[in-house]
Amino acid sequence: MTKQRSHAYFLAWAIFIFIVGVVLPLGARQYQLALLTEMIIFALFAVSYNLLLGYAGLLSFGHAMFFGLGAYTVAIVFNRIPGLSFFGAVIISVMVTTTAGFAVGSLLLRHKGVPFALLTLAFNALFYAIATKWHSITGGDDGLSIRLPDINLGFAHLKTTDITVFYYITLIIIGLMTLFCWYFTRTAMGQTVLLMRENEERMKFLGYNTNVSRLILFVFTGFLAGLAGSFYTLFNQFTSITAISIDMSTIVVLMVIIGGTGSFIGPILGACVYIYLQDFLSDITDRWPFIMGLIFVFMILYVPRGLSGLINSLIERLRGRWHLPGNIETEE
Amino acid sequence: MSDIPVFFLHGLVYAGLLFLVSSGLTLVFGIMNVLNLAHAAFYMLGAYFSYSLLHATGNFWLSLIVCPSLLFLVGAAVERFLLRRVHVYGHVQELLITFGVAYIITESVKWIWGNYPLGVNLGGFLTGSVNLFGLFYPVYRLFMFFCAILISLIMAAVLFKTKIGIIVRASVDDSEMVNTLGVNVPLVFTGVFGFGAALSGFAGVIAGPLLTTYPGMAAEILVDAFVVIVIGGMGSLGGALLASLMIGELQSFGALLFPKLSLALMYMLMAGVLIIRPSGLFGEEQ
């Protein structure tokens with residue numbers, strides 16, 4: 001399949017999903033709309049995580065440090081700066097997480113593999129400790145609640161506390177960001193990251209500065225996770241210690257593994273399945289995290305390529321040799 | 001100023017506990033190149049098994065022997081039936097499977113024993129205090145410290161004076177070469193993994209009565225133990241010992257001198273060590 005056709009396929013899919021996203025709320029109840037909003041937010045979080053794990057081969061157990069930092073920054077600036085606009089807070093928040101991504105990344109990226117995984121976990125624990133202990137700023141265990149300002153576009157006044165309005169804002173901003181992530185994987189920079197995972201020595205030999213490329217990727221994923229985190233706070237109009245905890249890092253690992261690391265679509269699928277399952281299972285039993293754990297281990301043992309890998313191989317079987325356009329494959 | 005010896009002893013006790021947990025972790029990493037994220041979950045299981053056994057029999061000494069043995073079986077089963085299956089897929093999958101096991105164990109613990117702290121009543125002479133050069137110190141903490149020293153000495157004796165120890169140390173160096181020499185390396189892997197789980201479980205049994213038994217205890221010690229093996233150097237037992245002492249004392253005196261900063265101190269030490277020596281104090285240069 002040529003690159004152009006694969007692009008066209010993906011864009012067709014993206015437009016299709018977007019239209020579904022636009023039409024879907026018309027028949028949905030408020031509760032379902034809230035669930036959809038959460039899915040979109042976590043889809044971006046999972047996609048940003050997969051840029052690290054799937055594309056760069058970096059296993060992190062601390063991705064919630066950026067998610068939580070974004071979530072807390074939004075809550076803090078709304079509480080500290082009166083009259084701040086909706087997007088003003090989001091912009092400050094992603095600037096803070098991007099800076100943090102740069103600081104943490106330049107400390108950690110000298111390591112790879114297992115030590116890297118360990119250090120991300122330790123840094124996440126540090127962020128968590130700060131959030132719990134620095135009570136005067138973060139509210140400690142009580143968390144922080146915010147009053148969501150409306151958006152005034154000049155020609156229209158958007159009431160953000162209305163879930164339908166909030167859903168559309170999330171769909172447009174996070175959706176565009178997710179599309180940009182896909183575009184990023186197709187740029188020279190994204191391909192460099194991919195090739196680095198396959199053979200770093202060779203990339204160095206060809207004259208690429210792999211450390212800089214890795215740092216850029218890490219900062220970019222920190223930025224994305226921060227954006228998802230700030231929307232998480234805006235959506236709940238509250239942020240709690242969970243947002244920055246290792247539990248949150250755990251959740252994103254579960255999502256990405258269930259969805260599959262081998263494709264761009266996988267994490268999005270994983271996030272949707274996870275949020276849906278969580279909603280569905282928590283109605284039936286209090287023990288839903290246990291069931292999630294079993295599903296996770298089952299996936300690793302028997303479906304290592306995740307749901308997207310499963311669907312891919314089904315489609316391939318149905319249509320002979322045919323690749324889904326979302327595949328992360330280097331040969332083209 | 002009379003606090004200083006007390007805090008020094010507290011630091012030593014916590015260092016002993018940390019060494020019990022991190023030595024198994026670093027040994028497993030050295031041999032199998034697997035970072036066992038379920039290691040602290042085994043520690044927690046040890047504490048909970050001991051709680052139930054104490055409830056049933058009231059005999060603490062019994063649980064000191066039974067719980068680690070049970071955890072040996074749990075650990076060996078995890079290695080044999082889960083870890084070995086994903087070995088072919090590489091380190092990331094291995095790490096993820098131990099992560100899944102840790103998650104399942106934590107959730108099972110919440111399910112079976114409840115999501116709240118459990119107190120353990122020991123009774124007997126362990127609950128009292130003892131006069132130590134004019135300083136009253138709880139017997140139980142001293143007991144923990146001596147347990148840690150005893151186990152470390154036994155471990156050192158096994159590792160350095162027996163044939164099994166030679167095989168294990170050789171496997172740390174080059175497990176493929178050991179395999180070619182006719183040693184059943186997969187069996188060594190299962191044994192070491194189970195042994196690490198047992199050590200961790202033992203630490204859990206002795207930590208339970210002091211640090212309270214609750215579902216968050218695993219995550220708490222996991223991060224500390226990780227910091228220890230990162231500072232000490234991954235796979236190095238001597239490094240784990242030194243780093244355990246450093247972290248134990250740092251936490252103890254940190255709580256005394258800078259109560260607000262005590263958590264951050266540990267990470268600052270780690271960041272400092274990593275900047276100067278990225279592979280840890282005793283780690284091999286990559």
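The rules behind the values
Each residue is numbered by its place in its chain's sequence as written, counting from 1. Here the convention is simple: chains get letters from A, ligands get numbers from 1, in the order in which they are written. Whole-chain, interface and lining totals are the exception, using all residues; otherwise, since this is a predicted model, local features are given only for residues with pLDDT of at least 70 and side-chain atom pairs are given and counted only at 80 or more. Helix and strand labels come from DSSP, where a helix needs a run of H or I of at least four residues and a strand needs a run of E of at least two; each type is numbered from the N terminus. For the radius of gyration, the atom set is restricted to C-alpha positions; the globular benchmark scales as 2.2 Å times the number of residues to the power 0.38. Any residue whose C-beta has 12 or fewer other C-beta atoms within 10 Å is treated as exposed, any with 20 or more as buried, and any in between as partly exposed, C-beta atoms being built from the backbone. Once C-beta atoms have been placed from the backbone, residue pairs whose C-beta atoms lie within 7 Å are recorded as contacts. At least two DSSP bridges between two strands are needed for those strands to be called paired. Gly is placed with the polar residues, together with every amino acid not listed as nonpolar (Ala, Val, Leu, Ile, Met, Phe, Trp, Tyr, Cys and Pro) or charged (Asp, Glu, Lys and Arg). Multiplying 1.5 Å by the helix residue count minus one yields the expected span of that helix. For every residue, the predictor reports its confidence as pLDDT, a number between 0 and 100. Between N-to-C directions, angles span 0 to 180 degrees; the directions come from axes that are lines fitted to C-alpha atoms, helices contributing only their stretch in contact. In these notes the angle categories are as follows: under 35 degrees is roughly parallel, over 145 is roughly antiparallel, 65 to 115 is roughly perpendicular, and the rest is oblique. Helix crossings are classified by the rotation of the near helix relative to the far one: an anticlockwise turn of less than a right angle makes the crossing left-handed, while a clockwise turn makes it right-handed. Here, the arc refers to the directions that run from the helix axis to the C-beta atoms. Any nonpolar core is a set of buried residues, restricted to Ala, Val, Leu, Ile, Met, Phe, Trp, Tyr and Cys, that join up through C-beta atoms within 7 Å.

Colleague: Sorry, what's going on with the overall build of chain B here?
Modeller: Looking only at helices and strands, chain B has 10 helices and 2 strands in total. Relative to its length of 286 residues, chain B is compact, with a C-alpha radius of gyration of 19 Å against a globular reference of 19 Å. Residues counted as buried form 50% of the 286 residues belonging to chain B. Counted over contacts in chain B with a minimum sequence separation of 6, partners at least 24 positions apart contribute 73%.

Colleague: What's the story with the overall build of chain A in this structure? I'm lost.
Modeller: Looking only at helices and strands, chain A has 14 helices and 4 strands in total. Relative to the 2.2 N^0.38 estimate, which gives 20 Å for 332 residues, the radius of gyration of chain A is 20 Å and therefore close to what a compact globule would have. Here chain A holds 332 residues, and 42% of them are scored as buried. Excluding contacts between residues fewer than 6 apart, the proportion of contacts in chain A whose partners are at least 24 apart in sequence is 77%.

Colleague: Any chance you could explain the environment of Ala203(B) here in plain terms?
Modeller: Residue and element names in this part refer to chain B. Checked against the element boundaries, Ala-203 lands in helix H7 (residues 185-211). The class of Ala-203 is buried, set by 31 C-beta atoms lying within 10 Å. Expressed as a C-alpha distance, the spacing of Ala-203 and Leu-18, which sit 185 residues apart in the sequence, is 8.3 Å. Beyond its immediate stretch of four places on either side in the chain, Ala-203 contacts Leu-17, Leu-20, Val-21, Tyr-43 and Gly-46.

Colleague: How do you make sense of unusual backbone geometry when you look at a structure like this?
Modeller: Among all residues save glycine, negative phi is the norm, and among peptide bonds the norm is trans. Residues and elements named next belong to chain B. Backbone geometry places Asn-33, a non-glycine residue, at a positive phi of 60°. The class of Asn-33 is partly exposed, set by 15 C-beta atoms lying within 10 Å. Positive phi, close to 60°, is recorded for Thr-212, a residue that is not glycine. Checked against the element boundaries, Thr-212 lands in the loop between H7 and helix H8 (217-232). The class of Thr-212 is partly exposed, set by 14 C-beta atoms lying within 10 Å.

Colleague: So what exactly am I meant to see when it comes to the pairing of strand E2 (residues 135-138) of chain B here?
Modeller: Put simply, side chains in a regular strand alternate between the two faces of the sheet. All names here are of chain B. The sheet contact formed by strand E1 (residues 129-132) and E2 spans 4 bridges and is antiparallel. Across the sheet, the residue bridging to Leu-132 is Leu-135, located in E2. With antiparallel pairing between neighbouring strands as the criterion, E1 and E2 make up a hairpin whose turn holds 2 residues, including Phe-133 at a positive phi of roughly 50°.

Colleague: Just checking my understanding: could you explain the interface of chain A and chain B for this structure?
Modeller: A common way to state how big an interface is: give the accessible area lost once the parts meet. Opposite the 30 residues of chain A that make contact, chain B presents 30 residues. Those elements giving two or more residues to the side of chain A that touches chain B turn out to be helix H5 (113-133), helix H11 (246-259) and helix H13 (288-302) of chain A. Sort the elements by how many residues they give to the side of chain A that touches chain B and H5(A) lands first, with 12 residues. Tallied by class, the residues present in the side of chain A that touches chain B amount to 23 nonpolar, 4 polar and 3 charged.

Colleague: Whenever I open this one, helix H7 (residues 163-186) of chain A confuses me. Can you help?
Modeller: Residues spaced three or four apart along an α-helix point in a common direction, a consequence of the helix completing one turn every 3.6 residues. All names here are of chain A. Its 24 residues place the ends of H7 34 Å apart at the C-alpha level, agreeing with the 34 Å of an ideal helix rising 1.5 Å per residue. Taken together, the buried positions of H7 are occupied by Phe-166, Tyr-167, Thr-170, Ile-174, Thr-178 and Cys-181. Residues of H7 that are buried sit in contact with helix H2 (30-55) and helix H10 (210-236).

Colleague: Honestly, the confidence of the model for chain B in this entry has me stumped. Any pointers?
Modeller: Regions with low pLDDT should not have their predicted coordinates read in detail. Taken over all residues, the pLDDT of chain B has a mean of 85, while the share at 70 or more is 97%. Across the assembled chains, the prediction reports ipTM 0.81 with pTM 0.82.

Colleague: Sorry if this is basic, but what is going on with the packing of H5(A) against H8(B) here?
Modeller: Angle between the axes and distance between the axes are the two parameters that describe a pair of packed helices. Their axes nearest at 10 Å, the elements H5(A) and H8(B) cross at an angle of 130°. In terms of orientation, H5(A) lies oblique with respect to H8(B). For the element pair H5(A) and H8(B), the recorded crossing hand is left-handed. Note on element contacts: H8(B) touches H5(A) through Val223(B), Phe226(B), Val227(B) and Val230(B), opposite Pro115(A), Leu118(A), Leu119(A), Leu121(A), Ala122(A) and Ala125(A).

Colleague: Hey, could you run me through the packing of helix H3 (residues 60-86) of chain B against H7(B) in this one?
Modeller: Residues and elements named next belong to chain B. Remark: H3 packs on H7, axes separated minimally by 7 Å, with the N-to-C direction vectors making an angle of 140°. Of the two possible hands of crossing, H3 and H7 adopt the one that is right-handed. Facing Ser-63, Leu-64, Cys-67, Pro-68, Ser-69, Leu-71, Phe-72, Val-74, Gly-75, Ala-76, Glu-79 and Arg-80 of H3, the residues of H7 in contact are Phe-189, Thr-190, Phe-193, Gly-194, Phe-195, Gly-196, Ala-197, Ala-198, Gly-201, Phe-202 and Val-205. Taken together, the residues of the contact of H3 with H7 sort by class into 14 nonpolar, 7 polar and 2 charged.

Colleague: How do you make sense of helix H10 (residues 262-276) of chain B when you look at a structure like this?
Modeller: An ideal rise of 1.5 Å per residue puts 21 Å on 15 residues; H10(B) measures up with 22 Å between its terminal C-alpha atoms. For H10(B), the full list of buried residues reads Leu263(B), Met266(B), Met270(B), Val273(B) and Leu274(B). Looking down the long axis of H10(B), one finds its buried residues gathered within 105° of arc, a one-sided arrangement. Projecting away from the buried face of H10(B) at angles above 90 degrees are the exposed residues Met268(B), Gly272(B), Ile275(B) and Ile276(B). Buried residues in H10(B) make contact with H5 of chain A together with H8 and helix H9 (237-257) of chain B.

Colleague: Explanation requested: the nonpolar core in the structure shown.
Modeller: Generally speaking, nonpolar side chains in soluble globular proteins are found buried as a group. One finds Ala46(A), Ala122(A) and Ile244(A) to be the most contacted residues of the largest nonpolar core, which totals 187 residues. Excluding its chain neighbours within four sequence positions, the residues that come into contact with Ala122(A) are Val223(B), Phe226(B), Val227(B), Tyr267(B) and Met270(B).

Colleague: Is there a simple way to think about the environment of Cys147(B) in this case?
Modeller: All names here are of chain B. Within the fold, Cys-147 resides in helix H5 (residues 139-161). Residue Cys-147 is classed as partly exposed on the basis of its 18 C-beta neighbours within 10 Å. Taking the C-alpha atoms as reference, Cys-147 lies 24 Å from Ile-231; in sequence the two are 84 residues apart.

Colleague: Is there a simple way to think about the environment of Ile164(B) in this case?
Modeller: Residue and element names in this part refer to chain B. Positionally, Ile-164 belongs in helix H6 (residues 163-180). The exposure class assigned to Ile-164 is partly exposed, which follows from the 14 C-beta atoms found within 10 Å. Ile-164 sits 124 residues away from Ala-40 along the chain, and the two C-alpha atoms are 25 Å apart.

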